Amino acid sequence: MKPVIALTKGRLEKQFIKFLQERNYDVNPFLDKGRKLQVETDDFFAIFAKGIDVATYVEYGIADLGVVGEDILLEVQPDVFDLLPFPFGKCRFAIAGEPSNLSPLRKQRIATKYPNITTKYFRDQGKSVDIVKLEGSVELAPLLGLADDIVDIVETGNTLKENGLVVKEEMLTISARLIANRNSLKLKRAILTPLIDSFRVEEGII
Ligand SMILES: Nc1ncnc2c1ncn2[C@@H]1O[C@H](COP(=O)(O)OP(=O)(O)OP(=O)(O)O)[C@@H](O)[C@H]1O
Ligand SMILES: O=P(O)(O)OC[C@H]1O[C@H](OP(=O)(O)OP(=O)(O)O)[C@H](O)[C@@H]1O
């Protein structure tokens, strides 16, 4: 029996495949997968899903392991075991907006894909804000007057820069994480341990 790993489609998938290659796993089945959403390698079955669904597949035990952004774990708080960080998918959460906008007299309005992370962050600072939930291109919101500022992921800063926005406050840094189904960890320990151990990166490298 092979383990099942749920992978976040898109940028994390590409970086995970590179990570596997560096560890001498055979990645050929990934290279010609086309639009297929399931792939079998010598070592495991992989399924491809959106990050939020990766957490769901792992929580329900359809997948034993998952590769998912920490942003999803913080936002959704799925009932999974958070095993270890990967040295990719590194970025940070920040509050950003137009350089010169003044604090509004009304409650501050923040646009974000991450309402729970945002609410908690401001609540911890003793502030209540209005949240506008968006699904992407969040940088548009302050430019078009939908919100005063945004809370979003920043990596290179290019998206902010090219849209005339600046970081106003750094919030926290995140990376991709390896998660596991709680029962799989107990019941399939023998087949999962070698895989999990091969994903460990020496301390100091991350
Ligand atoms: N600019 C970035 N740099 C590094 N990691 C990022 C960046 N943006 C997102 N991520 C991480 O990669 C994960 C997947 O992001 P990706 O952009 O592929 O999908 P998404 O935009 O969150 O969702 P969708 O599938 O709807 O496009 C995110 O959950 C986050 O952890
Ligand atoms: O600092 P940068 O390197 O420019 O990266 C940051 C951008 O990347 C993510 O967007 P993504 O590409 O996932 O598109 P989205 O806005 O549709 O979510 C994030 O939401 C920022 O917009």
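Residues numbered from 1 in each chain as written. Chains lettered and ligands numbered in written order. Predicted model: local features only at pLDDT ≥ 70, side-chain atom pairs only at ≥ 80, totals over all residues. Heavy atoms only, no water.

We now examine the packing of aromatic side chains. Within the structure shown, the criterion is met by 15 aromatic pairs. Here the aromatic rings of Phe16 and Phe86 are separated by 5.7 Å at their centres, their planes lie at 70°, and the arrangement is edge-to-face. Of the two residues, Phe16 sits in helix H1 (residues 11-22) while Phe86 sits in the loop between strand E5 (81-85) and strand E6 (91-97), which places them 70 residues apart along the sequence. Measuring from ring centre to ring centre gives 6.0 Å for Phe19 and Phe199, while their planes differ by 55°; the resulting arrangement is tilted. With a gap of 180 residues between them, Phe19 in helix H1 and Phe199 in the segment after helix H9 (189-198) connect regions that are remote in the sequence. (Phe/Tyr/Trp six-rings, centres within 6.5 Å; stacked < 30°, edge-to-face > 60°. Helix = DSSP H or I, 4+ residues; strand = E, 2+ residues; numbered from the N terminus.)

Before going further, it helps to examine the site of ligand 2. Within the structure, ligand 2 sits among 13 residues, and Glu139, Glu155, Thr156, Gly157 and Thr159 are positioned closest to it. Within the side chain of Asp152, a nitrogen or oxygen atom sits 2.8 Å from an oxygen atom of ligand 2. Between ligand 2 and the protein, one listed contact pairs an oxygen atom with a backbone N or O atom of Gly157 at 2.8 Å. Contact with the protein chains covers 73% of the free accessible surface of ligand 2, which is 490 Å². Residue assignment for the shell around ligand 2 shows that the elements contributing at least two residues are strand E9 (149-154) and helix H7 (158-162). The element that contributes the greatest number of residues to the shell around ligand 2 is E9, accounting for three residues. Across the shell around ligand 2, the residue classes break down as two nonpolar, six polar and five charged. (Near = heavy atom within 4 Å. Polar contact = N/O pair within 3.5 Å; in protein donor to acceptor, adjacent residues only side chain to side chain. Areas by Shrake-Rupley, 256 points an atom, 1.4 Å probe, with all protein chains shown as cover. Nonpolar A, V, L, I, M, F, W, Y, C, P; charged D, E, K, R; others polar.)

Moving on: a nonpolar patch on the surface. Residues Tyr57, Tyr60 and Ile62 make up a contiguous nonpolar surface patch of roughly 370 Å² in combined accessible area. Following the sequence through the fold, Tyr60 ends up in the loop between helix H3 (51-59) and strand E4 (65-69). When its relative accessible area of 66% is taken as the criterion, Tyr60 is described as exposed. (Patch = residues over 30% accessible without salt bridge, like charges linked within 9 Å, V, L, I, M, F, W, Y side chains within 5 Å. Salt bridge = Lys/Arg side-chain N within 4 Å of Asp/Glu carboxyl O. Buried < 20%, exposed > 50% of the residue type's maximum accessible area, 1.4 Å probe, protein only.)

This brings us to the nonpolar core. A general feature of soluble globular proteins is that nonpolar side chains tend to end up buried together. Ranked by size, the top nonpolar core spans 27 residues in total, and within it Phe16, Phe30, Phe86 and Phe199 carry the most contacts. Elements represented by at least two residues in this core include exactly strand E1 (4-8), H1, strand E3 (45-49), E4, strand E11 (176-180) and H9. The greatest single-element share of this core, amounting to five residues, is contributed by H1. Contact partners of Phe199, with chain neighbours within four places excluded, come to Ile5, Phe16, Phe19, Leu20, Tyr25, Leu84, Phe86 and Leu178. Among the nonpolar cores identified, the runner-up in size contains 13 residues, and Ala49, Ile72, Leu73 and Ile179 belong to it. (Core = buried A, V, L, I, M, F, W, Y, C linked by side-chain atoms within 4.5 Å. Contact = heavy atoms within 4.5 Å.)

On to the domain arrangement of the chain, then. The domain architecture assigned to the chain consists of domain 1 (4-89 + 175-198) and domain 2 (91-172). Just the C-alpha atoms count here: the centres of domain 1 and domain 2 sit 30 Å apart. Taken together, the four residues of domain 1 in the interface contact eight residues of domain 2. When the area that domain 1 buries against domain 2 is broken down by residue, the three leading residues are Asp71, Leu74 and Glu75, summing to 81%. Linking domain 1 to domain 2 there are zero salt bridges. Joining domain 1 to domain 2, the criterion identifies four residue pairs in polar contact (both at pLDDT 80 or more). The residue inventory of the side of domain 1 that touches domain 2, partitioned by class, reads one nonpolar, one polar and two charged. (Domains from an automatic or database assignment. Buried area = accessible area lost by both parts, 1.4 Å probe.)

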